[in-house]
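Tertiary structure, described
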Amino acid sequence: QVHLVESGGGLVQAGGSLRLSCAASGRTFRTSMMMCWLRQAPGKEREFVAAIRWSQNTYYSDSMKGRFTISRDNAQSTMFLQMNSLQPEDTAVYYCAAKEDSNLWSTSRIDYAYWGQGTQVSVTS
């Protein structure tokens, strides 16, 4: 079993920042797993944000690059998403996810087997 729990969401004004966390646990969780953030805005498809390998190699959606930074603390089995210069269009539920195969980057939600419950981020103008 793999358990992922997100935290850090909330309400912020445009231009502000938030830092999301995703704590991983469970008998079958491995630090070698690739982890990622995806988000889903109301009425829209779930959208890839960024992914990270255990080695700290990262991969970003082009639209998030520069404003969002993904990182992880393998010793604490925790992944982070630092979000700066937030805009109302960033309003969404943010999910963390993980997959066993860390060799292949993937932006597709179907490739990630383990999911958290999501945390709401709301940005007001």
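Right, let's walk through the structure included here. Nothing here was measured: the structure is a model prediction, and the numbers come from that model. (Residues numbered from 1 in each chain as written. Predicted model: local features only at pLDDT ≥ 70, side-chain atom pairs only at ≥ 80, totals over all residues. Heavy atoms only, no water.)

1. Digging into the state of the cysteines
On inspection of all chains with the given rule, the structure shows 1 disulfide. There is a disulfide in this structure between Cys22 and Cys96, and the S-S distance comes to 2.1 Å. In this structure, the disulfide formed by Cys22 and Cys96 twists by about 55 degrees around the S-S bond and is classed as right-handed. Placement of the pair is Cys22 in strand β3 (residues 18-25) and Cys96 in strand β9 (residues 92-99), with a sequence separation of 74 residues. Judged by relative accessible area, Cys96 falls into the buried class, the value being 0%. Among the cysteines around Cys36, which has no disulfide bond, Cys96 carries the closest sulfur, lying 8.2 Å off. (Disulfide = S-S within 2.5 Å. Helix = DSSP H or I, 4+ residues; strand = E, 2+ residues; numbered from the N terminus. Buried < 20%, exposed > 50% of the residue type's maximum accessible area, 1.4 Å probe, protein only.)

2. What about the packing of aromatic side chains?
For the coordinates displayed, the defined rule picks out 3 aromatic pairs. Each ring, one from Phe48 and one from Tyr59, has its centre 6.0 Å from the other, and the planes form 45 degrees; the classification is tilted. In this pair, Phe48 sits in strand β5 (residues 47-52) while Tyr59 sits in strand β6 (residues 58-60), placing the two residues 11 residues apart along the sequence. Here Phe48 falls in the buried class, since its relative accessible area comes to 7%. When its relative accessible area of 38% is taken as the criterion, Tyr59 is described as partly exposed. Geometrically, the ring pair formed by Tyr59 and Trp105 is stacked, given 5.7 Å between the ring centres and 25 degrees between the ring planes. (Phe/Tyr/Trp six-rings, centres within 6.5 Å; stacked < 30°, edge-to-face > 60°.)

3. Section: the pattern of salt bridges
Opposite charge on two side chains allows them to pair when their charged atoms are near. A complete count under the given rule lists 4 salt bridges for this structure. One network of salt bridges, in which partners are shared, links Arg39, Glu47, Arg67 and Asp90. (Salt bridge = Lys/Arg side-chain N within 4 Å of Asp/Glu carboxyl O.)

4. Things to note about the nonpolar core
Met35, Trp37, Leu81, Met83 and Tyr94 are the most contacted members of the largest nonpolar core, which totals 29 residues. Apart from residues lying up to four places away in sequence, Tyr94 is in contact with Glu6, Leu20, Trp37, Leu38, Arg39, Val49, Phe68, Leu81, Met83, Gly118, Thr119 and Val121. Core analysis: the second largest hydrophobic core is formed by 7 residues, Met34, Phe48, Ala51 and Ala97 among them. (Core = buried A, V, L, I, M, F, W, Y, C linked by side-chain atoms within 4.5 Å. Contact = heavy atoms within 4.5 Å.)

Bear in mind that shape data such as this cannot, by itself, settle questions of function.
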